[in-house]
Amino acid sequence: MGDDGGSWTGPGGLRVTAVRLSGAHGVWAALAGVRGGDAFLVTRRGAIVGYYATVEELAGVLDLADLHAE
């Protein structure tokens, strides 16, 4: 994934961004129980919804078909 791993948008101000879990992202993800090198950050209108380690976890909380690549 990396710092520029991708970004997708969805309805209602939803945004999914692939992020490296270092610095502040690493701290927030660890507090959410997500560990590893990278993850998907989900926000809605700028507010953090959560961090998800895998596409499977992400698909469990939102419909991936609603996302559009930026």
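To keep things clear, this report deals only with the structure shown in the data block. Bear in mind the structure is a predicted one, so any value in this text is a computation, not a measurement.

### Observations concerning the overall build of the protein
Within the protein, the secondary structure is distributed over two helices and five strands. Listed by position from the N terminus, the elements making up the protein come as β-β-α-β-β-α-β. Against the 2.2 N^0.38 benchmark of 11 Å for 70 residues, the protein shows a C-alpha radius of gyration of 11 Å, consistent with a compact globule. Seen through its principal axes, the protein has C-alpha atoms that stretch 30 × 20 × 20 Å. Within the protein, buried positions represent 29% of all 70 residues. In the protein, of all internal contacts separated by at least 6 residues, the share reaching a separation of at least 24 is 40%. Total accessible area computed for the protein in this model is approximately 4100 Å², and 54% of it derives from carbon and sulfur atoms. Averaged over its 5 positive side-chain charges, the protein has a centre that lies 8 Å from the centre of its 8 negative ones.

### A few points about the sheet that holds strand β1 (residues 7-9)
The strands making up a sheet associate through hydrogen bonds between their backbones, and the pairing can be parallel or antiparallel. The sheet built from five strands is open, its strands ordered β4-β3-β2-β1-β5 with antiparallel pairing. Taken across any chain shown, the strands that pair with only one partner, and hence form the sheet edges, are β4 (47-52) and β5 (68-69). Sheet topology places β1 next to strand β2 (residues 14-20); three bridges connect them, and they run antiparallel. Looking across to β2, one finds that S7 is bridged to T17. Packed on one face of the sheet, helix α1 (residues 23-31) meets β2, β3 (38-44) and β4 and runs near 75° to β4.

### Describing the environment of T43
Position of T43 relative to the elements: it lies in strand β3. With a relative accessible area of 12%, T43 lands in the buried category. In this structure the C-alpha to C-alpha distance between T43 and R15, which are 28 residues apart in sequence, comes to 5.3 Å. Discounting residues that sit within four places of it in the chain, T43 has contacts with G13, L14, R15, I48 and V49.

### Notes on the pairing of β3
With five of seven residues buried, β3 is to be regarded as a mostly interior element. Two strands pair when backbone bridges link them, and β2 and β3 are joined in this way by seven bridges, in the antiparallel orientation. By the bridge assignment, R15 is partnered in β3 with T43.

Scoring rules and cut-offs
- Residues numbered from 1 in each chain as written.
- Predicted model: local features only at pLDDT ≥ 70, side-chain atom pairs only at ≥ 80, totals over all residues.
- Heavy atoms only, no water.
- Helix = DSSP H or I, 4+ residues; strand = E, 2+ residues; numbered from the N terminus.
- Rg over C-alpha atoms; globule rule 2.2 N^0.38 Å.
- Buried < 20%, exposed > 50% of the residue type's maximum accessible area, 1.4 Å probe, protein only.
- Contact = heavy atoms within 4.5 Å.
- Areas by Shrake-Rupley, 256 points an atom, 1.4 Å probe, with all protein chains shown as cover.
- Lys, Arg positive; Asp, Glu negative; His and termini not counted.
- Charge placed at Lys NZ, Arg CZ, Asp CG, Glu CD.
- Pairing = 2+ DSSP bridges.
- Axes fitted to C-alpha atoms, helices over the stretch in contact; angles between N-to-C directions.

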